[in-house]
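Single-letter residue listing:
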Amino acid sequence: MSEAPHLPVLYKSIIPALQPKSPGRYVDGTLGAGGHAAGILEASVPKGELLGLDLDPAALAIAREKLAPFGKRAHIVQASYTAMKTEAAELGWQAVDGIVLDFGVSSMQLDRPERGFSFLNDGPLDMRFSLNTALSAADLVNTFSEEDLADIIFR
Ligand SMILES: C[S@@+](CC[C@H](N)C(=O)[O-])C[C@H]1O[C@@H](n2cnc3c(N)ncnc32)[C@H](O)[C@@H]1O
């Protein structure tokens, strides 16, 4: 199946809002295919650096290829944006100049029925961003109590 290229929808808003500069330090907590990250690195030549985090190894593989031309200015880690502070500290960063969070699913995830996010095609009820996550959505809805599910949805 051919897939549509991933177009980062917030690109035109994010780059002018962030105004990346050299030598700035930036975090993209939802790296995806790396479209926003590439824009930040381009706008912050020659010394701007970016830490990109995502849970999805498939997205990270695409981002690694896309960001390869930026060499050591791009730091790519498989982790949740909730680990941003720890991952930044690993790089010796105590502060950053900007953070981008583009929440949600990417078109690459929607386009692959086996990931379980598709509205258009049948697939297993998986919905995990990382296959390292123990429970799929099917596990949750079939084993959690009604009260626990209501609590998850409420929170
Ligand atoms: C809308 S896409 C981001 C697209 C990205 N801005 C780009 O330029 O390609 C959202 C991304 O967030 C990731 N994601 C979802 N939950 C996450 C989490 N807790 N931590 C890090 N990334 C997460 C998804 O795997 C997906 O790649």
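Everything here concerns the structure above.
Computed from a predicted structure; not experimentally measured. (Residues numbered from 1 in each chain as written. Predicted model: local features only at pLDDT ≥ 70, side-chain atom pairs only at ≥ 80, totals over all residues. Heavy atoms only, no water.)

Q: Where do I start with the sheet that holds strand E3 (residues 74–78) in this structure?
A: Strand pairs in the sheet, formed through backbone hydrogen bonds, run parallel or antiparallel to each other. Strand order in the open sheet formed by four strands is E3-E2-E1-E4, and the pairing between neighbours is parallel. Both outer strands of the open sheet, E3 and strand E4 (98–100), are each paired with one neighbouring strand and no more. Here the average twist between neighbouring strands, direction ignored, is 15°. Helix H2 (residues 35–43) rests against strand E1 (25–28), strand E2 (49–54), E3 and E4 of the sheet, and its axis sits at about 175° to E2. (Pairing = 2+ DSSP bridges. Helix = DSSP H or I, 4+ residues; strand = E, 2+ residues; numbered from the N terminus. Axes fitted to C-alpha atoms, helices over the stretch in contact; angles between N-to-C directions. Contact = heavy atoms within 4.5 Å.)

Q: Help me understand helix H3 (residues 57–67), please; the structure alone is not making it clear to me.
A: An α-helical turn contains 3.6 residues, so a residue and the one three or four places further along point in the same direction. Every buried residue of H3 is listed here: Ala59, Leu60, Ala63 and Leu67. Buried residues of H3 fall within an arc of 95° about the axis and therefore sit on the same side. For H3, the side-chain oxygen to backbone nitrogen distance between the N-cap and alanine 58 is 2.9 Å, and the N-cap itself is aspartate 56. (Buried < 20%, exposed > 50% of the residue type's maximum accessible area, 1.4 Å probe, protein only. Arc of directions from axis to C-beta. Polar contact = N/O pair within 3.5 Å; in protein donor to acceptor, adjacent residues only side chain to side chain.)

Q: What is the right way to look at the pairing of E1 in this model?
A: Moving residue by residue along a regular strand, the side chains alternate between the two faces of the sheet. In terms of strand pairing, E1 meets E2 through four bridges, oriented parallel. By the bridge assignment, tyrosine 26 is partnered in E2 with leucine 50. This β-α-β element, E1 to H2 to E2, shows right-handed connectivity. Bridging between E1 and E4 involves three bridges; their strand directions are parallel. Within the sheet, the bridge partner assigned to valine 27 lies in E4 and is isoleucine 99. (Right-handed = clockwise from strand over helix to strand, strands pointing away.)

Q: Looking at this model, I keep getting lost on the pattern of salt bridges. Mind explaining?
A: When charged atoms on two side chains of opposite charge get close, those side chains can pair. Considering all chains together, one arrives at three salt bridges under this definition. Between arginine 115 and aspartate 56 there is a salt bridge; the shortest N-O distance is 2.9 Å. Residue arginine 115 is located in the loop between helix H5 (107–111) and helix H6 (137–143), and its partner aspartate 56 is located in the loop between E2 and H3; the two are separated by 59 residues in the primary sequence. Of the charged contacts, one joins arginine 128 and aspartate 126 as a salt bridge, the two residues approaching to 2.8 Å between their closest N and O atoms. Using a relative accessible area of 17% as the deciding quantity, one classes arginine 128 as buried. For aspartate 126, a relative accessible area of 13% translates into the label buried. (Salt bridge = Lys/Arg side-chain N within 4 Å of Asp/Glu carboxyl O.)

Q: What is the right way to read a nonpolar patch on the surface from this model?
A: Side chains of Tyr81, Val96, Ile99, Leu101 and Phe103 sit close together on the surface and give an oily, nonpolar patch of about 440 Å² of accessible area. With respect to the helices and strands, the residue valine 96 is situated in the loop between helix H4 (84–90) and E4. (Patch = residues over 30% accessible without salt bridge, like charges linked within 9 Å, V, L, I, M, F, W, Y side chains within 5 Å. Areas by Shrake-Rupley, 256 points an atom, 1.4 Å probe, with all protein chains shown as cover.)

Q: Looking at this structure, I do not really get the environment of valine 45. What am I missing?
A: Mapped onto the secondary structure, valine 45 falls in the loop between H2 and E2. With 93 residues separating them in the primary sequence, valine 45 and alanine 138 have C-alpha atoms 45 Å apart. Not counting chain neighbours up to four residues away, the residues in contact with valine 45 comprise Ser22 and Arg73.

All we've got here are geometric facts, nothing functional implied.
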